[in-house]
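A structural walkthrough
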Amino acid sequence: MPLKRLGRQVVGLVLASLLLYGGLLPPVRGFFSLPPVMRLSTEAPLQLHWDLPAGLVRQVEMQVDREEPGWRQLQIKLLGFIPLKNITIQMVRPVWVNPGGQAIGVLLKTEGVMVVGQAAVTDEMGNKLYPARQAGLEIGDVIVAIDGVKVENDQKVADLVDAAGRARRPVKLSVQREGRLLNLNIQPIYCRETKRYRIGIFVRDSTAGVGTLTFYDQEKHIFGALGHMVTGDGRNGGNISGGRIVAAAIQGIHQGRRGQPGEKIGVFLENSKFSGIIQKNTTVGIFGTISGEIPAFYTQPLPVALAETVHPGPAEILTVVEGEKVESFQVEIERVMLNQRTSGRGLILRITDPRLLSLTGGIIQGMSGSPIIQDGQLVGAVTHVFINDPARGYGVLAEWMLEETDLVAPTRGSAVETPGILHIMENRVG
């Protein structure tokens, strides 16, 4: 046997051993963790992202074992003859939307009032008591009625509590918490400071702030924004009785620092070029209908990326840092987490653009909803900042946001035929 040929076989056996028995190596585990069934977009070349060493990648071959309309049955082999893995690929036609980036003012009206804080009630003896806390009322709870009377503002809450206290009886609160309706009885305490009966809570009946539009559809007049729930803790955001978005302008920036989140200082525009009606408030953003003239950074729609195709690597975000001008800034997607759908935190990203870092210090409040673009597709939206590392934060996957709208592809859930070339790619880790 020629020495050269023998050398190739030896190398092949070594590589096979690494793949088949190298379960302790993270790259090998990542390779074998590729799902047996995957969805890929018809609008992009067929690509599989993994984290094998370059030397192994060159020895791995893909073969189309079977083809049907909209489907590919792939067989991954080492050295062309050692079978490693079979993967079924479903080709899905994506939904196209216009990426946003515009600054928006968000005005949301909730059903009932939300408990946003608790405070001590100082009784006539000078004792500081917490009647609401002791009765089990929590921050984030939504009070929808008191003694059977619906409440819509803080003054109504104060008046009903005071009336119950003067009648020397407990006040009955109907409270929504995580989709459940609770009834709590709380005895009001006379506060020597305010001369009224109180139970020791701060409430809010509506909310307003500055955020960012993520995407919109010009034909169906549908929008998605923010990428997270508007109301505080994310437990009761579905209880909205109305709300709207309007165009906003950014007038200043408070830089983010370690331990101190920054924010955009914005104003709502009286003569707004566009406006929208909020119909849903969810863990992955706010959604509704939109109308008017929306100044776009991208003049043409982009496809929404399937969650499985988003990968670590360079990307860009669209956001406003001054006035109404939407600008593009460079970021790096560091990690994709497909199992975090309930929390809405599907991405970890880092701001890498020097200009944005100098202006904002990283991710700041008001940047929520800024669309993330990768490989010519809308892949997600910025949502949260890491308090101790303002350059880094979370994002939500765009497909998760799309699922909350009526923008459903005609062939969603079924396969469609598309030509394509399969590419083997090494996973780019930031």
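See the structure printed just above.
Residues numbered from 1 in each chain as written. Predicted model: local features only at pLDDT ≥ 70, side-chain atom pairs only at ≥ 80, totals over all residues. Heavy atoms only, no water.

**Digging into the overall build of the chain**
Within the chain, the regular secondary structure consists of 7 helices and 29 strands. Within the span of the chain, comprising 430 residues, buried residues form 50% of the whole. Of the contacts formed within the chain by residues at least 6 apart in sequence, a portion of 68% connects residues at least 24 apart. Split by element, the accessible area of the chain, about 20,300 Å² in all, is 51% carbon and sulfur. (Helix = DSSP H or I, 4+ residues; strand = E, 2+ residues; numbered from the N terminus. Buried < 20%, exposed > 50% of the residue type's maximum accessible area, 1.4 Å probe, protein only. Contact = heavy atoms within 4.5 Å. Areas by Shrake-Rupley, 256 points an atom, 1.4 Å probe, with all protein chains shown as cover.)

**Focus: helix α5 (residues 154-166)**
Here α5 contains 13 residues, and its C-alpha end-to-end distance of 18 Å stays within 8% of the 18 Å for a straight helix at 1.5 Å per residue. Looking at the packing, one finds that the buried side of α5 touches β7 (103-118), β10 (142-146), β11 (149-150), β12 (171-177) and β15 (196-198). Its side-chain oxygen 3.2 Å from the backbone nitrogen of Gln155, Asn153 forms the N-cap of α5. One or two positions beyond α5, positive phi appears at Arg168, with a value near 60°. (Expected span 1.5 Å × (residues − 1). Polar contact = N/O pair within 3.5 Å; in protein donor to acceptor, adjacent residues only side chain to side chain.)

**Quick word on the packing of aromatic side chains**
Within the structure shown, the criterion is met by 3 aromatic pairs. With centroids separated by 5.4 Å and ring planes inclined at 65°, the aromatic side chains of Phe297 and Tyr298 adopt a geometry described as edge-to-face. Residue classification places Tyr298 among the partly exposed positions, given a relative accessible area of 22%. Relative to Tyr394, the ring of Phe386 lies with its centre 4.9 Å away and its plane at 75°, an arrangement referred to as edge-to-face. Taking relative accessible area as the criterion, Phe386 reaches 17% and is therefore assigned buried. Of note, Arg133 hangs over the ring of Tyr130, and the distance from its end group to the ring centre comes to 4.1 Å. (Phe/Tyr/Trp six-rings, centres within 6.5 Å; stacked < 30°, edge-to-face > 60°. Lys NZ or Arg CZ within 6 Å of the ring centre and 35° of its normal.)

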